[in-house]
Structure formats: C-alpha cells, structure tokens
There are 2 protein chains.
Amino acid sequence: MSPSSDQFLSQPDRAQLRSRLAQAGLRATQQRIVILESLLVLPGHPTAEQVHRRVVLETPTISLGTIYKALDSFVASGLIKRVAAAEGASRRYDADCSAHHHLYCTDTQEIIDYCNPQLDLLIQEFFAARGFQNFQPRAFSLHITGEKVDAAQEIKPL
Amino acid sequence: MSPSSDQFLSQPDRAQLRSRLAQAGLRATQQRIVILESLLVLPGHPTAEQVHRRVVLETPTISLGTIYKALDSFVASGLIKRVAAAEGASRRYDADCSAHHHLYCTDTQEIIDYCNPQLDLLIQEFFAARGFQNFQPRAFSLHITGEKVDAAQEIKPL
DNA sequence: TTATCTGCAAACAATTTGCACCCAC
DNA sequence: GTGGGTGCAAATTGTTTGCAGATAA
C-alpha cells in the first residue's frame with residue numbers, strides 16, 4: 001500500500017484506472033472508475049453488495065444493477081476474475097488477474113491473496129514430472145483454509 | 001468402482017449409506033439415503049437440481065426443498081462439503097471429505113477429483129519450511145483449471 | 001453523432017422458510 | 001410416543017433483463 005490516507009480515489013488515481021479500463025477495451029465511465037477502484041481497495045475480495053456499499057458513498061445515485069453489469073463486463077474483458085469460494089451466497093471478485101493463491105479465513109470469511117513464486121515453481125515442476133492422463137491443465141491455484149492470527153501468536157505447521 | 005450395472009442403489013448399498021448417516025448423527029430416512037447415494041454416484045460434483053433430477057427417478061414424490069434441507073444437514077454434520085467454484089450460479093457438493101484436489105474442466109463445467117499424496121507431501125513440506133506470518137493454515141486444496149482430453153491426445157506441461 | 005452505459009423496475013433463478021403431516025428412533 | 005424430517009407453497013435473496021434517457025469516444 002502506498003501512502004495517503006484521506007479521501008477516496010487517491011492512490012490508484014483516475015488516470016490509471018481510466019487507462020486500465022481502456023486497455024481492457026471498456027468505456028471509462030465515472031461509475032466504472034469508482035467500481036474498479038473499490039475492487040482494488042476493498043480487502044478480502046468483495047461481493048457486488050460490498051462494492052455497492054462503498055461506491056454509493058462517492059456516487060450516491062449509482063444503482064446495484066450498474067455494479068452487476070460493470071462486474072460482468074470486467075470479467076468478460078479479463079480485467080477481473082470471479083473467485084472460487086465454497087462459503088457464502090454471493091459471488092466474489094478479484095481485481096488481481098496475475099497468478100496467485102488464496103487464504104480462506106474461516107472466521108472473517110475474508111479471502112486473502114497469497115503470492116509465492118517458489119511455490120508456483122515447485123508445483124509446476126511436480127506436474128512437469130508426473131502430469132495428468134486425461135486432462136490438459138491451463139492454470140492452478142492453491143486454496144488454503146485457516147484463520148487469521150495476530151503477528152505475535154505462534155503458527156503451527158499444517 | 002465395483003461391478004454391478006443394473007438398478008439404483010446397488011454398490012454403496014442401503015446398509016452402508018444408513019450407517020454413514022448414523023455416524024454423522026443424522027436420521028436415516030428413505031429420502032436421505034437416496035440423496036446421499038446420488039451424491040456418491042453422480043460425476044463432477046452435482047448441484048441440488050442435479051441431485052433432484054436423479055433422485056426423482058427412484059422416489060418420484062421427493063421435493064427439491066427436501067434436497068436442499070438434506071444437503072444443508074449433510075454439510076452441517078460434516079458428511080459432505082460444499083465445493084469452491086468460480087463459475088456457475090448453483091452450489092455444488094462433494095461427498096468425499098478426505099483431502100483431495102480438484103480439476104475444473106472449462107468445457108464441461110465438471111469438477112473432477114484429483115488425489116496425489118506425493119503432491120500433498122511436497123506442499124506440506126514447503127509450508128513447514130517457510131510458512132505464513134499471520135495465518136494459521138488448517139487444510140489446503142489445489143484447483144487446476146483446464147480441459148478434459150482423450151487418452152490418445154498429448155498433454156503439454158503447464 | 002452514436003453505440004454503449006446507466007438507472008430504474010420488473011423478471012428470474014436459487015435457496016430458505018413455515019407449517020401440517022409423517023416416520024425413524 | 002415424539003422430535004425431527006418431509007412436502008408443499010409462499011417468501012427471500014442474489015442476479016439478470018428491458019428499456020428510456022444519459023454520456024464517452
């Protein structure tokens with residue numbers, strides 16, 4: 001996270017968000033800019049409702065339907081992804097499309113990004129050695145369930 | 001899979017299903033027995049609808065509501081699990097609660113079980129060496145997306 | 001200018017709930 | 001016998017759709 005702590009739309013600023021939308025071939029409307037910004041800023045991979053709750057603070061007239069339509073078009077263009085989750089009723093989204101893994105906190109329902117290139121390599125090498133019989137893999141992602149703990153607490157091996 | 005190919009309820013027979021339900025502390029009703037059997041037999045991790053479609057063949061008066069209630073109680077008791085999925089609108093369930101991974105076929109939407117103790121060990125060792133800072137892991141599961149292919153086709157490394 | 005997006009409201013789909021009756025323990 | 005389960009229908013929740021007016025390119 002970069003500095004600045006005051007108002008909305010500070011660090012991933014409008015110009016950056018605009019170009020991100022443009023690169024994905026999407027029209028950079030006010031609504032989409034704020035929606036994308038919320039996806040980047042909200043922790044734990046938000047639902048449409050959670051995005052809406054944040055976005056109305058800035059753009060009070062925005063409708064939930066617009067959130068759904070924007071999220072659909074973001075996913076269709078590859079700008080964001082739907083997150084695989086076993087819990088909950090609502091769809092959740094991830095603005096980070098680079099390869100990474102997820103930590104599922106059973107207490108808070110948060111889904112936390114976990115990136116570890118060494119682990120990726122380890123798994124890739126494993127599959128290169130003994131791969132699959134009737135399946136062509138394209139990508140993989142590790143889902144680790146557990147609980148968030150204080151920095152102070154001891155963490156036991158799995 | 002064991003032999004026999006005639007009618008429903010052959011290999012995981014009623015007695016076994018009964019005791020599985022009993023062990024989970026659930027009443028072994030006719031409906032629950034057939035629902036649990038369908039979960040074990042249907043490929044690719046079914047939705048409530050898919051379970052219902054199979055179960056009505058055997059028990060025509062069973063209602064979709066009963067399927068939902070049964071699935072809820074199965075999950076609550078730990079008999080089955082909800083499956084993490086990024087695609088689709090409906091919840092999907094897994095009757096196998098032992099540690100295993102999933103192959104997500106982007107063509108058929110099937111979710112195929114993948115079990116590999118060597119891989120599990122490799123990942124466990126990796127986390128034992130350099131684990132997490134603020135997260136206590138309890139379990140992990142690898143999600144591999146790709147496509148099913150014929151046995152004949154060549155499979156390329158990821 | 002014009003194709004696309006937005007906001008609203010209605011429609012839809014998936015899941016849950018309430019309740020009278022039934023059945024496994 | 002009785003507490004929990006079933007079936008039905010109605011209610012709720014999450015998401016999609018249709019369309020008239022607004023707006024980015």
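Scroll up for the structure.
Residues numbered from 1 in each chain as written. Chains lettered and ligands numbered in written order. Predicted model: local features only at pLDDT ≥ 70, side-chain atom pairs only at ≥ 80, totals over all residues. Heavy atoms only, no water.

Student: It is not clear to me how the overall build of chain A should be interpreted in this structure. Could you clarify?
Tutor: If you tally the helices and strands in chain A, you get 5 helices and 5 strands. Mapped in sequence order, the helices and strands of chain A form the string α-α-α-α-β-β-β-β-α-β. The dimensions of chain A, computed from C-alpha atoms along their principal axes, are 50 × 40 × 35 Å. Expressed as a percentage of the 158 residues in chain A, the buried residues total 41%. In chain A, of all internal contacts separated by at least 6 residues, the share reaching a separation of at least 24 is 44%. Each charge class in chain A was averaged separately, 16 positive and 17 negative side chains, and the resulting centres sit 10 Å apart. (Helix = DSSP H or I, 4+ residues; strand = E, 2+ residues; numbered from the N terminus. Buried < 20%, exposed > 50% of the residue type's maximum accessible area, 1.4 Å probe, protein only. Contact = heavy atoms within 4.5 Å. Lys, Arg positive; Asp, Glu negative; His and termini not counted. Charge placed at Lys NZ, Arg CZ, Asp CG, Glu CD.)

Student: How do you make sense of the interface of chain B and chain A when you look at a structure like this?
Tutor: The figure often quoted for interface size is the accessible area lost as the parts come together. Residue-level contacts link 46 residues of chain B with 45 residues of chain A. Interface of chain B and chain A: buried area, both sides summed, is about 4,500 Å²; carbon and sulfur atoms make up 61% of it. In terms of surface lost to chain A, no three residues of chain B exceed Phe135, Gln136 and Leu158 of chain B, which account for 17% of the buried area on that side. For the pair chain B and chain A, the number of links is 2 salt bridges. The residue Glu147 of chain A makes a salt bridge to Arg138 of chain B at a minimum N-O spacing of 2.8 Å. Between chain B and chain A we count 20 residue pairs in polar contact (both at pLDDT 80 or more) in total. The set of elements that each furnish at least two residues to the side of chain B that touches chain A consists of strand S3 (101-105), helix H5 (117-129) and strand S5 (135-148) of chain B. (Buried area = accessible area lost by both parts, 1.4 Å probe. Salt bridge = Lys/Arg side-chain N within 4 Å of Asp/Glu carboxyl O. Polar contact = N/O pair within 3.5 Å; in protein donor to acceptor, adjacent residues only side chain to side chain.)

Student: I tried to follow the protein's contact with DNA strand C on my own but got confused; where do I start?
Tutor: In the region of DNA strand C, 18 residues are neighbours, and Thr29, Gln31 and Lys69 of chain A together with Tyr68 and Lys69 of chain B sit closest. Expressed as a percentage, the sugar and phosphate content of the atoms of DNA strand C within 4 Å of the protein is 71%. Looking at the surface near DNA strand C, the elements that each hand over two or more residues are helix H2 (30-41) and helix H4 (64-77) of chain A together with helix H4 (64-77) of chain B. No other element matches H4 of chain B, which puts 3 residues into the surface near DNA strand C. Along the lines of polarity and charge, the residues of the surface near DNA strand C split into 4 nonpolar, 7 polar and 7 charged. (Near = heavy atom within 4 Å. Nonpolar A, V, L, I, M, F, W, Y, C, P; charged D, E, K, R; others polar.)

Student: I keep staring at the packing of helix H3 (residues 48-58) of chain B against H4 of chain B and nothing clicks. Help me out?
Tutor: In a packed pair of helices, the relevant descriptors are the angle between the two axes and the axis-to-axis distance. Residue and element names in this part refer to chain B. Where H3 meets H4, the closest approach of the two axes is 9 Å, and the angle between their N-to-C directions is 120 degrees. Looking at the two axes, H3 sits oblique to H4. Seen from above, H3 lies across H4 with right-handed handedness. Counting all contacts with H3, which are made through Ala48, Glu49, Val51, His52 and Val55, the residues of H4 involved are Leu64, Ile67, Tyr68 and Leu71. In terms of residue class, the contact of H3 with H4 is built from 7 nonpolar, 1 polar and 1 charged. (Axes fitted to C-alpha atoms, helices over the stretch in contact; angles between N-to-C directions. Parallel < 35°, antiparallel > 145°, perpendicular 65-115°, else oblique. Left-handed = near helix turned anticlockwise from the far one by under 90°.)

Student: Explain the protein's contact with DNA strand D to me, please; I cannot follow it from the model alone.
Tutor: Close to DNA strand D lie 17 residues, the nearest being Tyr68 and Lys69 of chain A together with Arg27, Thr29 and Lys69 of chain B. Restricting the count to atoms of DNA strand D within 4 Å of the protein gives a sugar and phosphate share of 68%. Between a phosphate oxygen of DNA strand D and a side-chain N or O atom of Asp72 of chain A, the distance comes to 3.4 Å. At 2.7 Å from a sugar or linking oxygen of DNA strand D is found a side-chain nitrogen or oxygen belonging to Gln31 of chain B. At the level of secondary structure, the elements contributing two or more residues to the surface near DNA strand D comprise H4 of chain A together with helix H2 (30-41) and H4 of chain B.

It is worth stressing that arrangement in space is one thing and function is another; only the former is reported here.
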